[in-house]
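# Understanding the architecture of this molecule
Listed below, chain by chain, are the residues.
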Amino acid sequence: MMERFKDREHLFRMGALFLGALALFLVLRAVFVPKGFGTYGHYREGALKDMASRPLHYAGRHACEECHSDIVDQRKGSKHATIACEACHGPLAEHAADPDKLKPTKPDAAKLCPVCHTENVAKPKGFPQVDPKEHGEGKPCGSCHKPHHPEIA
Amino acid sequence: MTTDRRDFLKSAGAFIVLTGAASLAWEKVLAGEPEKAPNYKMSDHWWAMTIDIEKCIGCGNCVRADKAENDVPEDFFRTWVERYHVPEGSEDHPEVDSPEGGFNGFPEKYRAGDGSKNFFVPKLCNQCSHSPCTQVCPVGATFESPDGAVLVDKSYCLGCRYCVQACPYGCRYIDPRKNVVDKCTLCYHRITKGLTTACCENCPTGARTLGDLKDPKDPIHAFLRTHKVQVLKPQMATGSKMYYNGLDGSVR
Amino acid sequence: MESILYGVQGFMYPNEVELQWSILIVLYPFITGLVAGAFILASLERVFNVEAVRPTYRLALLTALSFMLVAPLPLQLHLGHPERSLEMYLTPHTTSAMAMFGFVYLWYLMAVLVLEIWLDYRKDIVLAARSTTGWTQKLYRAMALWSDNISERSLEIDDKVGRFITIIGIPSAFLLHGYVGFIFGSIKANPWWSTPLMPIVFLFSAIVSGIVLVMLMYMMVSWIRRTEIDMDCLDTIARYFMYAFIIDFSLEMLDLIHRIYEADESFKSLDFMVHTKLYTSQVILQIVLGTVVPILILGLVQLVKMSPAARKGLYVLSGVLAMIGIFAMRWNVVIGGQLFSKSLLGYTTYKMQFATREGLLPSILLLLLPFVILYVLVRLLPPWPAKPEADKA
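Below is a short write-up of the structure.

## Overview of the overall build of chain A
A tally of regular secondary structure across chain A gives seven helices and zero strands. For chain A, the sequential pattern of α-helices and β-strands runs α-α-α-α-α-α-α. For chain A, whose C-alpha radius of gyration is 33 Å, the value lies well above the compact-globule estimate of 15 Å for 153 residues. The burial tally for chain A puts 25% of its 153 residues in the buried class. Here the analysis covers contacts within chain A between residues at least 6 apart in sequence; of these, 43% occur between residues at least 24 apart. Split by element, the accessible area of chain A, about 9900 Å² in all, is 64% carbon and sulfur.

## A word on the overall build of chain C
A count of helical and extended segments in chain C gives 15 helices and two strands. Once the C-alpha set of chain C is aligned to its principal axes, its extents read approximately 70 × 55 × 35 Å. Across the 393 residues of chain C, 59% fall into the buried class. Looking at chain C alone, contacts between residues at least 24 apart form 80% of all its contacts between residues at least 6 apart. Entry remark: accessible area of chain C is about 16700 Å², with carbon and sulfur atoms responsible for 69%. Each charge sign in chain C was given a centre, from 29 positive and 29 negative side chains, and these centres are 6 Å apart.

## Description of the interface of chain C and chain B
At the junction of the two partners, chain C supplies 40 residues and chain B supplies 52 residues. A buried area of about 3900 Å², summed over both sides, lies between chain C and chain B, and 54% of it is on carbon and sulfur atoms. Remark: the boundary between chain C and chain B carries 27 residue pairs in polar contact (both at pLDDT 80 or more). Within the residue set of the side of chain C that touches chain B, elements represented by two or more residues are α5 (87-90), α6 (97-131) and α8 (152-185) of chain C.

## Examining the packing of helix α2 (residues 23-48) of chain C against helix α15 (residues 360-380) of chain C
All names here are of chain C. Interaxial distance between α2 and α15 falls to 9 Å at its minimum, and their mutual angle equals 15°. Considering the angle they form, α2 stands roughly parallel to α15. Read as a crossing pair, α2 and α15 show a hand that is right-handed. On the side of α2, the interface is formed by Ile23, Leu24, Leu27 and Phe30, while α15 contributes Leu360, Ser363, Leu366 and Leu367.

## Things to note about the pattern of salt bridges
Residue and element names in this part refer to chain B. For the coordinates displayed, the defined rule picks out 28 salt bridges over all chains. Taking the shortest distance from any N to any O, the salt bridge between Asp71 and Arg177 comes out at 3.3 Å. Taken together, the positions of Asp71 in the loop between α2 (61-70) and β2 (79-86) and Arg177 in the loop between β7 (173-175) and β8 (180-182) put the pair 106 residues apart, joining distant regions of the chain. The residue Arg177 makes a salt bridge to Asp175 at a minimum N-O spacing of 3.1 Å. The network of salt bridges with shared partners includes Asp71, Asp175, Arg177 and Lys178.

## As for the state of the cysteines
One pass over the full model with this rule turns up zero disulfides over all chains. A disulfide-free cysteine, Cys144 of chain A has its sulfur positioned 9.3 Å from the sulfur of Cys141 of chain A, the nearest such atom. Note on Cys144 of chain A: relative accessible area 45%, which makes it partly exposed. Free cysteine Cys133 of chain B: the closest other cysteine sulfur is in Cys163 of chain B, separated by 6.3 Å. Residue class for Cys133 of chain B comes out buried when judged on its relative accessible area of 8%.

## A short note on the side chain of Asn332 of chain C
All names here are of chain C. With respect to the helices and strands, Asn332 occurs in helix α13 (residues 308-334). Overall, the relative accessible area of 1% leaves Asn332 in the buried class. One polar contact links Asn332 to Ser281, side chain to side chain, over a distance of 2.6 Å. There is a polar contact of 2.7 Å between the side chain of Asn332 and the side chain of Gln286.

## Let's talk about the packing of aromatic side chains
Under the counting rule described, the total for this entry stands at 24 aromatic pairs over all chains. An aromatic cluster of three or more residues is present, and its members are Tyr162 of chain B together with Trp21, Phe184, Trp193 and Phe202 of chain C. Above the plane of the ring of Trp46 of chain B lies Lys241 of chain B, whose end atom (NZ or CZ) is 4.7 Å from the centre. We note Lys138 of chain C situated over the ring of Trp135 of chain C; from NZ or CZ to the ring centre the distance is 5.5 Å.

## Brief notes about the environment of Val104 of chain C
Residues and elements named next belong to chain C. Within the secondary structure layout, Val104 lies in helix α6. Classification of Val104 by relative accessible area gives buried; the value is 8%. In sequence terms Val104 and Ser172 are 68 residues apart; their C-alpha atoms lie 7.8 Å from each other.

## Considerations on the sheet that holds strand β9 (residues 208-212) of chain B
All names here are of chain B. Across the sheet, which stays open at both edges, the four strands sit in the order β9-β1-β11-β10 with mixed pairing between neighbours. For this open sheet the edge positions go to β9 and β10 (229-230), each flanked by a neighbour on one side alone. Here strand β1 (residues 47-52) runs beside strand β11 (residues 242-245); their pairing, made up of four bridges, is parallel. Across the sheet, Met49 pairs through a bridge with Met242, a residue of β11.

## A word on the sheet that holds β2 of chain B
Residues and elements named next belong to chain B. What the three strands build is an open sheet, ordered β3-β2-β4; its pairing is antiparallel. Taken across any chain shown, the strands that pair with only one partner, and hence form the sheet edges, are β3 (95-97) and β4 (117-124). If you compare each strand with its neighbour and ignore which way they point, the axes differ by 25° on average. Judged from the eight bridges that link them, β2 and β4 form a sheet pairing that is antiparallel. Note on β4: the bridge partner recorded for Arg83 is Phe120.

Thresholds applied
Residues numbered from 1 in each chain as written. Chains lettered and ligands numbered in written order. Predicted model: local features only at pLDDT ≥ 70, side-chain atom pairs only at ≥ 80, totals over all residues. Heavy atoms only, no water. Helix = DSSP H or I, 4+ residues; strand = E, 2+ residues; numbered from the N terminus. Rg over C-alpha atoms; globule rule 2.2 N^0.38 Å. Buried < 20%, exposed > 50% of the residue type's maximum accessible area, 1.4 Å probe, protein only. Contact = heavy atoms within 4.5 Å. Areas by Shrake-Rupley, 256 points an atom, 1.4 Å probe, with all protein chains shown as cover. Lys, Arg positive; Asp, Glu negative; His and termini not counted. Charge placed at Lys NZ, Arg CZ, Asp CG, Glu CD. Buried area = accessible area lost by both parts, 1.4 Å probe. Polar contact = N/O pair within 3.5 Å; in protein donor to acceptor, adjacent residues only side chain to side chain. Axes fitted to C-alpha atoms, helices over the stretch in contact; angles between N-to-C directions. Parallel < 35°, antiparallel > 145°, perpendicular 65-115°, else oblique. Left-handed = near helix turned anticlockwise from the far one by under 90°. Salt bridge = Lys/Arg side-chain N within 4 Å of Asp/Glu carboxyl O. Disulfide = S-S within 2.5 Å. Phe/Tyr/Trp six-rings, centres within 6.5 Å; stacked < 30°, edge-to-face > 60°. Lys NZ or Arg CZ within 6 Å of the ring centre and 35° of its normal. Pairing = 2+ DSSP bridges.

Note that all results are geometric; they support no functional claim without further evidence.
As C-alpha cells, then:
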C-alpha cells in the first residue's frame, strides 16, 4: 500500500496546494465581503442608506407654501398655480432650512419667461407661445403679466 | 480507475461540497441586519413615472434641476430631452437632436407648416423591473431596490462598464471624477422622504409625474387606465416603469 | 460640449458619445483566444493521437500559459477601480457572464494549464532540481513541490492523469473563449453583438489564432535555434489551420447573410456603418485580406505540389494575414459595436490615444509581454531536449 502511495505522493502534494488555496479563498471571503451584503438581494444593504442620505438642493413646493401662503393665494386660479416655486426661483433647500441665511434673488423675467414661452414648432399647439421679439412691442414681460398670476383679465 | 484514485476523488469531492455549503452558511450569518429606516418602508412602495409627451414643452427645467440636485458631471446626463422632427414618410428615420441634453432649451431650427411632426421626448433611467443592467453587473454594485428603483453602490462599483453596454436606453455613464458608474436614481434621497423627484418637481407643465403603483390613492392608476401609454423599446422586455403618453412610433 | 461632440454624425444618446470599451477590451478576447487555440492544438496530440504535431506540444502549452498570465492585465488597466477586482471572486453575481468568467479563467489556469504543464514537465523539473545549485535549485525544488520521485510508475501515473486533464481541458478551453463570446452575444441592447452565434464565432477564430501562433512560434524558434523544421508537423498544423478557418469563415458569413436577409430594424444603421466607418477593418482587413486570402493560399498548398521552402513562406504569409484578420475581427466586434447609436440614428468616433492608460502604447506592450514571459519559461522549462552545441536561445 505504501509503495503505491509513494508513486502518487506528488499528486497529493498538488492536491494539498489546491485545497490550501481554496481555504485561503474562503477566509478572504469571510473577511472581505461587506457586512449586510445579500440582505435584500445581491448587493450591500448599506447602499440603500447611502443613496437615501444624499443632500437635498430643492426643498419642494410644500416647504415654500408653509411660509409664503400669500403667494399661494395670489396664484389661485392661474395657470401658473401648479408650477413649483423652485422651477423659476432655483434650488432653495438651504433657504427653506434657514430663511435668513440665504435670501434668494428675483429671477430676471427677460431671461426666464422666454425659456418656456418662446414659440417652437415642437411645443404642443395649445401651449401659450410667442415670438419674444415681436410680442409686447419689446416691453418687459412684467409690464403686462404678473409672474404669479400671468393671465390678463 | 483504481480504488486509490476513486477514493481520492470521492474524498476531494466531499470536501469541496462541504466547504462550499459551510461558506454559504457563513455568508448568511454575516448578512441579515434589520432594516433601519425610520418611517419609510420599502415594501409599501413601487415607484414608476408617467411622462406625457403631449405636455412637454422642451423647456429643459428637468435637465437643469437634475444637474443641480444630483451633482451630475458636465457632458453627462441622468435625464435629457430629445427633440423629434418627423417629416411625412420618414417615421423610421426621424431627425433627432438633444443640444447639451436640452440643458439650455432648444433653439428653433425648423419652420412651421412644412408638413412635419415635431415634439419633445424626455428620457431618463427607465427603472426597469427586469433590468438588463442589473443582470450583467459582475459584483452586485447595481441593483433593483425592493421599492422599484435601480440604484448604484458607488463604493462597490469596479467601473467595468458592462452595465453601460447592457442598458438599451443609454441612460448610464461613467462619472469621470470617480471612475464609477452613475445614472438617474429616481432621486431616491427625495422619494424616501415623501418629496418628489427633482425633475418632476420642476416640470412646469406636469409632463413628468412620479407615481407609486402600490399606493391605491395615487393618480397614476387613473392615468394608466385612461391614456394610451407605452414604454420605450417594449420588445426588449425590460419591465420599464416609465410610462409615456402620446409616444409616437418614430421615437427611439 | 463642443469637443465631446466632435466626430458625431446623426444622433447619439448624450451618454453614448464616448466609447466605453477601448482597445484594451479588443486585446482581451484576442489574448484569451490565443490561449484557447494553442491549447486545443496541443491537445490534438495528447488526446486524438495526432503524432505529427508532437514537436510543438510543449511549446504550445508554454505559449498558452504566457498569454494566459497576461490576459487579466488589459482588464485591470481598463477598470475604473482595479483595486476592487477581488469583488468579482468574493461576491460574484451569478447572472453576470463577466463574473462567472472569473471562475472559468481561474479553473482553466490552475486546474488545466498549470497542472498539465506540471505533469508533463515533472521529470525534467526533478532532474533539474537534482543537477542545479543555489537559488535555481531552490526554485526547481519548489516547482517539484519538494517531491523527488520520478520512478517509472509515478511517471506512468502522471501520464494517465495528464491525459485525463487534457480531456477535461478541451471543453474547458471551449468554455474559456466561448464565454468571452457570450459576454458580448448575450447583450440584447446591442444588435451588433446580440446573436447566439457569437460564442461559436469567437471560439473558432480563437482556435485559428492559437494554431497560427504555435505554428509561427515553432517556425521562429526553429530558425533561431537553427534546428530543422519537421515538415510533417508543420504541414499537419497548416491543415488544421485551414480546416478551422473554413469553419470560422462559414460561421461569420452565416451571421452576415442572416443579417442582410432578415434586414431587421438595426440593419440599415449597421450596414451604413460597415460601409463607412468599419470598411477598412471589416471588409478589407478582416474578410478579404484576413480570411479569404489565407484560406485560398492554404487551399493552394493542398492542391499544388510545392517545395518545403515555398510552403514555409506561404504558411508565414497566410499566418500573418490571419492574425491581422482575427485581431481585426475582435476590433470590429468591440469597437464596431460602440460606433453606432442604440437609437440607430447616428454614429460616433473612437478616439484612441497613444500613451494613456487605455491607449495604443500599453496595448502594444501588453502584446509583447507574453513573449518576454515565454522566454523566461522556455529557459526554465525547455520544450525540447538539450542540444550538445549551446546556442543563443
